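# Coordinates in review
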Amino acid sequence: MIQEKLQERSNNQCELCSSTNNLSVYTVPPRDSESEENSILICETCNTQLNDESKVEPNHWRCLNDSMWSEVAAVKVVAWRMLNQLRGEGWPADLIDMMYLEDETLAWAKEGSATEDEEEKIIHKDSNGVVLESGDTVVLIKDLPVKGSSMVAKRGTAVRRISLDHENANHIEGKVDGQQIVILTQFVKKS
């Protein structure tokens, strides 16, 4: 009964990637009652990747460029979660910025991804694996040429009151010889 309604709604295609092979009903967590509002029709490939993070193929999910505009809340929730999971790939971040979810739909999307806060929190570590915090002092462990200038930041230079790049765990910022520069975390150690 539910499957028939979903097949009609989706024109007998996967509501995420438009495939027509091996379609099944997927109830979007944390909802557990299989209903038209809580479920989507998906193919075997999408189902496998949604249920096993180790099998996720980022290029498969480029289909979300289209399906994220669906009128179906459950489709939007799955699209938003997958784009957030793949945010590190680069291209999903642009799609997330374009995506609009009603407050209720966004709450549902966040509710089902309890690990979202941990995933979104980027951890910066120095060359020794020590966690860096904003405001820390670090020491350069290698001479670093500064792009866009003739300056070379010398090994042993202390960089005080660093700031963290909130989008890239490998980048920090700090002043060297009065110039604000981006420094790769692999070339610093916390002091």
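Residues numbered from 1 in each chain as written. Predicted model: local features only at pLDDT ≥ 70, side-chain atom pairs only at ≥ 80, totals over all residues. Heavy atoms only, no water.

On to the pattern of salt bridges. All told, the structure shown has three salt bridges when counted by the stated rule. Glu15 is the partner of Arg9 in a salt bridge, and the nearest nitrogen-oxygen pair spans 2.9 Å. On the accessibility criterion, Arg9 (29% relative accessible area) is partly exposed. Glu15 sits in the buried class, given a relative accessible area of 12%. When the shortest N-O distance is used, the salt bridge between Lys55 and Asp52 registers 3.9 Å. (Salt bridge = Lys/Arg side-chain N within 4 Å of Asp/Glu carboxyl O. Buried < 20%, exposed > 50% of the residue type's maximum accessible area, 1.4 Å probe, protein only.)

With that settled, the discussion passes to helix 2 (residues 44–51). Within helix 2, burial applies to Cys46, Asn47 and Gln49. Structurally, helix 2 contributes buried residues whose contacts are with strand 1 (24–27), strand 2 (39–42) and helix 4 (73–85). (Helix = DSSP H or I, 4+ residues; strand = E, 2+ residues; numbered from the N terminus. Contact = heavy atoms within 4.5 Å.)

Glancing now at the packing of aromatic side chains. All chains considered together, the criterion is met by zero aromatic pairs. Taking the ring centre of Trp108 as reference, the NZ or CZ of Arg31 above it sits at 4.2 Å. (Phe/Tyr/Trp six-rings, centres within 6.5 Å; stacked < 30°, edge-to-face > 60°. Lys NZ or Arg CZ within 6 Å of the ring centre and 35° of its normal.)

The next subject is the sheet that holds strand 10 (residues 188–190). Pairing is antiparallel across the open sheet formed by three strands, whose spatial order is 6-3-10. Looking along the sheet, the strands with just one partner apiece sit at the ends: strand 6 (158–159) and strand 10. Summarising the sheet, strand 3 (residues 138–140) and strand 6 pair through two bridges and their orientation is antiparallel. Paired with Val139 across the two strands is Ala158, which belongs to strand 6. (Pairing = 2+ DSSP bridges.)

Moving on, we come to helix 1 (residues 2–10). Of the residues making up helix 1, those classed as buried are Ile2, Leu6 and Ser10. For helix 1, the angular spread of the buried residues around the axis is 55°, confining them to a single face. Across helix 1 from its buried face, at more than 90 degrees, point the exposed residues Glu4 and Glu8. (Arc of directions from axis to C-beta.)

Okay, the environment of His60 next. By secondary structure assignment, the location of His60 is in the loop between helix 2 and helix 3 (64–67). Taking the C-alpha atoms as reference points, His60 and Ser191, 131 residues apart in sequence, are found 44 Å from one another.

Formed by 34 residues in total, the largest nonpolar core has its most connected members in Leu16, Ile40, Trp61, Leu64 and Leu83. If you list the elements that add at least two residues to this core, you get helix 1, strand 2, helix 4, helix 5 (91–98) and helix 6 (103–111). Membership of the second largest hydrophobic core comes to 16 residues, among which are Ile162, Ile181, Ile183 and Val188. (Core = buried A, V, L, I, M, F, W, Y, C linked by side-chain atoms within 4.5 Å.)

Before going further, it helps to examine the environment of Lys175. By secondary structure assignment, the location of Lys175 is in strand 8 (residues 171–176). Note: C-alpha distance between Lys175 and Lys125 (50 residues apart in sequence) is 19 Å. The contact partners of Lys175, leaving out residues within four places of it in the chain, are Val159 and Gln180.

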